[in-house]
Amino acid sequence: MNPLLSAEGLTKTYGARIGCRDVSFDLYPGEVLAIVGESGSGKTTLLRCLSGHVAANAGRVIYTKRDGKRAALDEMSEAERRLLMRTDWGFVHQDAREGLRMGVSAGANVGERMMAVGVRHYGKIRAAATDWLSRVEIPEDRIDDSPWSYSGGMRQRLQIARNLVTSPRLVFMDEPTGGLDVSVQARLLDLIRGLVKGLGLAAVVVTHDLAVARLLSSRMMVMQQGRVIEEGLTDQILADPQAAYSQLLVSSVLQV
């Protein structure tokens, strides 16, 4: 089986500052990979390179399309990349306001992504939006409300619905529970875990929270100063971290 996504030697610098350096890995269909590390470790830079939001200075990202053909992201046309990001890929931002159209209704946020892939029948769009709001635990009678009237947790769930309505194969998540109250985080994590498993999604999840990594991922990469210093099964790393930095991360959680 071909990997769904491959990173080959990804490097991104900002002047003298290293965002990420020489990162390589394969992600397979249905696999969830957590990228963990402290603030400034390079995990968000890596995620943005993987998802095409920023261009790497070196290396490449290769994706296996639905027809089985593999294509490098930097060799695709702008139109091909845009279509990929509207169909096969989703991106869940830490701040839901970055991933939503705040000036239109909740239903329009979900429907807009459907329209971007050619759906034009209003009834079908409305029905799909209603269905997805229900699936992310948003009351159907809130479909015409603005995201401004939603709580932080509801906005994040709406952003998830907007991303998943086109049945993507891969979702990138940048600190998906960051900034939310603990009780809201737990509910959202249960929802994400259920959706990822139920839909057979592959995902790359950036988080500084090892509890999030444990709950969502099967495999983990630990980053420090732009480099991957340890990689393996999530449970193995959390139970027996090998790198000194990984040991420090795990022990700091256990001491809380």
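Before reading further, recall that the structure is shown in the block above.
Here is what the cut-offs are and how they apply
- Residues numbered from 1 in each chain as written.
- Predicted model: local features only at pLDDT ≥ 70, side-chain atom pairs only at ≥ 80, totals over all residues.
- Heavy atoms only, no water.
- Helix = DSSP H or I, 4+ residues; strand = E, 2+ residues; numbered from the N terminus.
- Phe/Tyr/Trp six-rings, centres within 6.5 Å; stacked < 30°, edge-to-face > 60°.
- Buried < 20%, exposed > 50% of the residue type's maximum accessible area, 1.4 Å probe, protein only.
- Pairing = 2+ DSSP bridges.
- Axes fitted to C-alpha atoms, helices over the stretch in contact; angles between N-to-C directions.
- Contact = heavy atoms within 4.5 Å.

Draft legend 1. Up close: unusual backbone geometry. At Asp22, a position not held by glycine, the phi torsion is positive, near 55°. Topologically, Asp22 is positioned in strand E2 (residues 17–27). Non-glycine residue Gln225 carries a positive phi angle of around 50°. Its location among the elements puts Gln225 in the loop between strand E9 (219–224) and strand E10 (227–233).

Draft legend 2. Molecular detail of the packing of aromatic side chains. Counted according to the given criterion, the structure contains 3 aromatic pairs. Residues Tyr63 and Trp89 carry aromatic rings whose centres are separated by 5.4 Å and whose planes lie at 90° to one another, so their mutual orientation is edge-to-face. With a gap of 26 residues between them, Tyr63 in strand E4 (residues 58–64) and Trp89 in strand E6 (residues 89–92) connect regions that are remote in the sequence. Overall, the relative accessible area of 1% leaves Tyr63 in the buried class. The class of Trp89 is buried, set by a relative accessible area of 1%. Their ring planes at 80° and their centres at 5.2 Å tell us that Trp89 and Phe172 sit as a pair that is edge-to-face. Taken together, the residues Trp89 in strand E6 and Phe172 in strand E7 (residues 170–174) connect sequence positions 83 residues apart. Phe172 matches Trp89 in its accessibility class, with the two residues each being buried.

Draft legend 3. Quick look at the sheet that holds strand E1 (residues 5–14). Pairing is antiparallel across the open sheet formed by 4 strands, whose spatial order is E2-E1-E4-E5. At either end of the open sheet lies a strand with only one pairing partner, and these are E2 and strand E5 (70–72). Between one strand and the next, the sheet's axes are offset by a mean angle of 20°, whatever the strand orientation. Bridge analysis of E1 against E2 gives 7 bridges, and the strand direction is antiparallel. Paired with Leu10 across the two strands is Val23, which belongs to E2. In the packing of helix H1 (residues 43–50) onto the sheet, contacts are made with E1, E2 and E4, and the angle to E1 comes to roughly 120°.

Draft legend 4. Summary view of the environment of Val228. Topologically, Val228 is positioned in strand E10. A relative accessible area of 29% places Val228 in the partly exposed class. Placed 204 residues apart in sequence, Val228 and Ser24 show a C-alpha to C-alpha distance of 8.9 Å. Apart from residues no more than four positions distant in its own chain, Val228 is found in contact with Val23, Met221, Val222 and Met223.

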